[in-house]
Amino acid sequence: IRPTYAAYSNLATAFFDLRRFVDAARAYKEALQLNGENYIVWGNLGDAYQYSGDSAGASAAYQKAITLAQKRLEVNPRDATALGNLALYDSNLGHFKVARESLDRALRLIPNDADVLLDAALVYYNSGDVEQALHWLAKALQQGFSLDTVRNAPAFDGLHGDPRFKFLLDRYGSRHEGSSP
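The structure displayed is predicted, hence computed values, not measured ones.

**Side note on the overall build of the chain**
Part 1 of the reasoning: Of regular secondary structure, the chain possesses ten helices and zero strands.
Part 2 of the reasoning: Ordering the α and β elements of the chain from the N terminus gives α-α-α-α-α-α-α-α-α-α.
Part 3 of the reasoning: Taken against the 2.2 N^0.38 rule, which gives 16 Å for 181 residues, the C-alpha radius of gyration of the chain at 16 Å falls within 12% of a compact globule.
Part 4 of the reasoning: In terms of principal-axis extent, the alpha carbons of the chain reach across some 45 × 35 × 30 Å.

**Notes on the pattern of salt bridges**
Part 1 of the reasoning: Following the criterion strictly, the structure yields eight salt bridges and no others.
Part 2 of the reasoning: Between lysine 97 and glutamate 101 there is a salt bridge whose closest N-O contact spans 3.3 Å. One end of the pair, lysine 97, and the other, glutamate 101, are both in helix α6 (residues 96-109), four residues apart, so they sit about a helical turn from each other.
Part 3 of the reasoning: Judged by its relative accessible area of 65%, lysine 97 falls in the exposed class.
Part 4 of the reasoning: Residue class for glutamate 101 comes out partly exposed when judged on its relative accessible area of 43%.
Part 5 of the reasoning: Residues aspartate 162 and arginine 164 are paired through a salt bridge, measuring 2.7 Å at the closest nitrogen-oxygen approach.
Part 6 of the reasoning: Via salt bridges that share partners, Arg20, Asp23 and Arg26 belong to a single interconnected network.

**Looking at the packing of helix α7 (residues 114-126) against helix α8 (residues 130-142)**
Part 1 of the reasoning: Close contact between α7 and α8 brings their axes to 7 Å; oriented N to C, the two are set at 165 degrees. Here α8 runs roughly antiparallel to α7, going by the angle between their axes. By crossing handedness, the relation of α7 to α8 is classed as left-handed. Where α7 approaches α8, its residues Ala114, Leu117, Leu118, Ala120, Ala121, Tyr124 and Tyr125 are matched on the opposing element by Val130, Gln132, Ala133, Trp136, Leu137, Lys139 and Ala140.
Part 2 of the reasoning: Taken together, the residues of the contact of α7 with α8 break down into twelve nonpolar, one polar and one charged.

**Quick word on unusual backbone geometry**
Part 1 of the reasoning: With a phi close to 65 degrees, arginine 19 is a non-glycine residue in the positive phi region.
Part 2 of the reasoning: As for its placement among the helices and strands, arginine 19 is situated in the loop between α1 (5-17) and α2 (21-34).
Part 3 of the reasoning: What makes arginine 19 partly exposed here is its relative accessible area of 35%.

**Side note on the confidence of the model for the chain**
Part 1 of the reasoning: When pLDDT is averaged across the chain, the result is 95; 96% of the residues are at 70 or more.
Part 2 of the reasoning: For the stretch residues 177-181, pLDDT sits under 50, and the model shows zero contacts to residues farther than four places along the chain or on other chains.

**Some remarks on the packing of α1 against helix α3 (residues 39-52)**
Part 1 of the reasoning: Two numbers describe how α1 lies on α3: the axes approach to 11 Å, and their chain directions differ by 35 degrees. In this structure, α1 crosses over α3, and the sense of that crossing is left-handed. Taking contact as the criterion, the partners of Tyr5, Ser9 and Phe16 in α1 are, on α3, Val41, Asp47, Ala48 and Tyr51.
Part 2 of the reasoning: Its residues placed into classes, the contact of α1 with α3 shows five nonpolar, one polar and one charged.

**Description of the packing of aromatic side chains**
Part 1 of the reasoning: A complete count under the given rule lists seven aromatic pairs for this structure.
Part 2 of the reasoning: Both rings, one in phenylalanine 16 and one in phenylalanine 21, keep their centres 5.0 Å apart while their planes meet at 65 degrees; by these two values the pair is edge-to-face. Of the two residues, phenylalanine 16 and phenylalanine 21, neither departs from the other in class, the shared state being buried.
Part 3 of the reasoning: Aromatic side chains phenylalanine 16 and tyrosine 51 sit 6.0 Å apart centroid to centroid with 70 degrees between the ring planes, which places their arrangement in the edge-to-face category. Note that phenylalanine 16 is positioned in helix α1 and tyrosine 51 in helix α3, a separation of 35 residues in sequence.
Part 4 of the reasoning: An aromatic cluster is present here, built from Phe16, Phe21 and Tyr51 joined pairwise through their rings.

Each value, and the rule that gives it
Residues numbered from 1 in each chain as written. Predicted model: local features only at pLDDT ≥ 70, side-chain atom pairs only at ≥ 80, totals over all residues. Heavy atoms only, no water. Helix = DSSP H or I, 4+ residues; strand = E, 2+ residues; numbered from the N terminus. Rg over C-alpha atoms; globule rule 2.2 N^0.38 Å. Salt bridge = Lys/Arg side-chain N within 4 Å of Asp/Glu carboxyl O. Buried < 20%, exposed > 50% of the residue type's maximum accessible area, 1.4 Å probe, protein only. Axes fitted to C-alpha atoms, helices over the stretch in contact; angles between N-to-C directions. Parallel < 35°, antiparallel > 145°, perpendicular 65-115°, else oblique. Left-handed = near helix turned anticlockwise from the far one by under 90°. Contact = heavy atoms within 4.5 Å. Nonpolar A, V, L, I, M, F, W, Y, C, P; charged D, E, K, R; others polar. pLDDT = per-residue confidence, 0-100. Phe/Tyr/Trp six-rings, centres within 6.5 Å; stacked < 30°, edge-to-face > 60°.

This is the structure in structure tokens:
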């Protein structure tokens, strides 16, 4: 079976979910060698580098993701998903003012989108505003964002000891108990 972009990207995501960040980075790089135009995969590569301790690699990958997301926005300035991701990548690089501008635009376009709401939580968490991060995280969960994804996201590792975070996990976890898939 020949290697494909989708297979490498999916493998990378599986490694990332297992917290095998070096393996995830390697697989994302393989995917990007086959198709280097997807800003989301560049952002995922940045995350894999960040969590594996390669800050220079993370910075370069996030910058490439930003460039590609901005190109996407030149074609469609109302692409709220691209705006939300752009905000996240900028916040990962410490560009909080620019990140909040992109985030505000995304939220004006689709204020109840679970993915954009999660981007908001991450942008505020990256900027050190835990109160706002939890506010937006609650909204994302309320709109149906995956509780398991939030629970297992390395981005929120620093919140696991926070009783407010535990409350959110318990509150939205109890909604799903007993329900069938």
